[in-house]
Amino acid sequence: MAHTNESVVSEFVLLGLSKSWELQLFFFAIFSLVYVTSVLGNIMIIVIISFDSHLNSPMYFLLSNLSFIDICQSSFATPKMLVDFFVEHKTISFEGCMAQIFLLHSFVGSEMMLLVAMAYDRFIAICKPLHYNTIMNRRLCIIFVFISWAVGILHSVSHLAFTVDLPFCGPNEVDSFFCDLPLVIELACMDTYEMEIMTLTNSGLISLGCFLALIISYTIILITVHRRPSSRSSKVLSTLTAHITVVILFFGPCIYFYIWPFSRLSVDKFLSVFYTVCTPLLNPIIYSLRNEDVKSSMRKLRNRHVNSWKN
């Protein structure tokens, strides 16, 4: 990625989460455990869905893709953060910084759209059950995944196209553990007010649009379930609870950052940790604990391995 001649900054300094050596060791232990558990948990969901024919449905196809995005989202900055806990001078190259910005917004944008696709899947399954197999075919699911990645990448490129050519000519300290776009923009040697508004509008529109679509979808679904009680209502509500919980945990920090994107508080970097490191772990936990089909498949897979080990 080339940048203009005005940009003399070749690297950025990441201030990290704390300067205390004891706290950094504590954070390393905690976030190492969270990261490894997150990656293994999401891989487990992908493996279970791939090898269990009972989970060969559109909902679980989309869920496996959500797990893949979560693996990517938890890995774009966390490994470097863990290494940096043992480095006194935490730096990242200009190109590496731009790459982090690109990857984060690509994964976040893709996950937003994929959550909307999952809500649409539940809407069709509950509100139009007789047409479900016809509407939610494999081709449509693949289209949903493609659109999710396309929107995420376009959303990220639209940010990066303006950021990469900003004149960085002096200050280079980013008060976070990764290159957070608003914090990087503030370092530019120019009036960045218009750039900040553009960033807020771009990110705000996609997040608000997706969030409203999800709220409307799940409201209609819950009303439908309430009006048509059946023997499967408890299972449907359990699945919906898992979906809605993931939506709230994902969009909560996101909406917070877009409401106050350029006035940062000390708690914000820890909220960033939750958003980038912890949220990907919550998805496998929530879906594993709230979804009977996934729990049943996990038990069958475990029993199969136990039996094969005994033999």
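Per an unreviewed UniProt entry, the protein chain is named Olfactory receptor, and its organism is Odobenus rosmarus divergens. If you open the UniProt record of the protein chain and go to Sequence similarities (unreviewed entry), you find "Belongs to the G-protein coupled receptor 1 family." According to the UniProt record, the Function (unreviewed entry) comment for the protein chain is "Putative odorant or sperm cell receptor."

Looking at this model, I keep getting lost on the packing of helix α1 (residues 21–51) against helix α2 (residues 58–75). Mind explaining?
If you want to describe how two helices pack, look at the angle between their axes and the distance between the axes. Where α1 meets α2, the axes come as close as 9 Å, and the angle between the chain directions of the two elements is 155 degrees. If you check the angle between α1 and α2, you find them roughly antiparallel. Note on packing geometry: the crossing formed by α1 with α2 is left-handed. In this structure, α1 uses Tyr35, Ser38, Val39, Asn42, Ile43, Ile45, Ile46 and Ile49 to contact α2, whose residues at the interface are Tyr60, Leu63, Ser64, Ser67, Phe68, Asp70, Ile71, Ser74 and Ser75. When the residues that make up the contact of α1 with α2 are grouped by side-chain class, the tally is 10 nonpolar, 6 polar and 1 charged.

What is the right way to read the state of the cysteines from this model?
A covalent bond between the sulfur atoms of two cysteines is referred to as a disulfide. The full count for this structure, using the stated rule, is 2 disulfides. Two residues, Cys97 and Cys179, share a disulfide whose sulfurs are 2.1 Å apart. Between Cys97 and Cys179 the sulfur-sulfur dihedral comes to about -125 degrees; the bridge is accordingly left-handed. Of this pair, Cys97 sits in helix α4 (residues 94–127) while Cys179 sits in the loop between β3 (173–174) and α7 (181–185), and the two are 82 residues apart along the sequence. The two residues Cys97 and Cys179 agree in class, both being buried. One disulfide bridge connects Cys169 with Cys189, the sulfur atoms lying 2.0 Å from each other. An S-S torsion of about -135 degrees defines the bridge between Cys169 and Cys189 as left-handed. With Cys169 in the loop between α6 (138–163) and β3 and Cys189 in the loop between α7 and α8 (193–227), this residue pair connects regions lying 20 residues apart in the sequence.

So what exactly am I meant to see when it comes to the pattern of salt bridges here?
Where side chains of opposite charge bring their charged atoms close, a pairing between them can arise. In total, this model carries 2 salt bridges according to the counting rule given. Two residues, Asp84 and Lys80, come together in a salt bridge whose shortest N-O distance is 3.2 Å. Taken together, the residues Asp84 and Lys80, both in helix α3 (residues 78–84) and 4 residues apart, mark about one turn of the helix. For the salt bridge of Arg122 with Asp121, the shortest nitrogen-to-oxygen distance reads 2.8 Å. Exposure class is identical for Arg122 and Asp121. Each is buried.

Explain the side chain of Asn42 to me, please; I cannot follow it from the model alone.
Take Asn42: it is sitting in helix α1. For Asn42, a relative accessible area of 0% translates into the label buried. Here Ser38 takes part through its backbone oxygen, which lies 2.9 Å from a polar atom of the side chain of Asn42. Once residues within four sequence positions are removed from consideration, Asn42 is found in contact with Ser67, Asp70, Ile71, Pro280 and Pro284.

Just to check I follow, could you spell out the sheet that holds strand β1 (residues 11–14) for this structure?
Each strand in a sheet pairs with its neighbour through backbone hydrogen bonds, running either in the same direction (parallel) or in the opposite one (antiparallel). Spatial strand order, β2-β1-β3: 3 strands in an open sheet with mixed pairing. In this open sheet, the two strands that pair with only one neighbour each are β2 (91–93) and β3. Taken together, the 2 bridges between β1 and β3 define a ladder with parallel strand orientation. Directly across from Val13, in β3, lies its bridge partner Glu173. Together, β1 and β2 form the strand contacts of α4, whose direction differs from that of β2 by roughly 85 degrees.

Whenever I open this one, the UniProt feature "transmembrane region" (unreviewed entry) in the protein chain confuses me. Can you help?
UniProt's entry tags residues 25–48, 60–78, 98–120, 140–162, 205–225, 237–259 and 271–289 with the feature "transmembrane region" (unreviewed entry), counted in the numbering of this structure. In the segment residues 98–120, helix accounts for 100% and strand for 0%; the C-alpha atoms at its two ends are 33 Å apart. With 100% helix and 0% strand, residues 205–225 has end C-alpha atoms that lie 30 Å from one another.

Could you clarify how one ought to interpret the packing of α2 against α6 in this entry?
Packing of α2 against α6 leaves a shortest axis separation of 10 Å and a crossing angle of 25 degrees. Taken together, α2 and α6 sit at an angle that is classed as roughly parallel. By crossing handedness, the relation of α2 to α6 is classed as right-handed. Contact residues: Pro58, Phe61, Leu62, Asn65, Phe68 and Ile69 in α2; Arg138, Cys141, Ile142, Phe144, Val145 and Trp149 in α6. Class assignment for the residues of the contact of α2 with α6 results in 10 nonpolar, 1 polar and 1 charged.

How each quantity is defined
- Residues numbered from 1 in each chain as written.
- Predicted model: local features only at pLDDT ≥ 70, side-chain atom pairs only at ≥ 80, totals over all residues.
- Heavy atoms only, no water.
- UniProt positions renumbered as here; feature names shortened; annotations may be inferred.
- Axes fitted to C-alpha atoms, helices over the stretch in contact; angles between N-to-C directions.
- Helix = DSSP H or I, 4+ residues; strand = E, 2+ residues; numbered from the N terminus.
- Parallel < 35°, antiparallel > 145°, perpendicular 65-115°, else oblique.
- Left-handed = near helix turned anticlockwise from the far one by under 90°.
- Contact = heavy atoms within 4.5 Å.
- Nonpolar A, V, L, I, M, F, W, Y, C, P; charged D, E, K, R; others polar.
- Disulfide = S-S within 2.5 Å.
- Buried < 20%, exposed > 50% of the residue type's maximum accessible area, 1.4 Å probe, protein only.
- Salt bridge = Lys/Arg side-chain N within 4 Å of Asp/Glu carboxyl O.
- Polar contact = N/O pair within 3.5 Å; in protein donor to acceptor, adjacent residues only side chain to side chain.
- Pairing = 2+ DSSP bridges.

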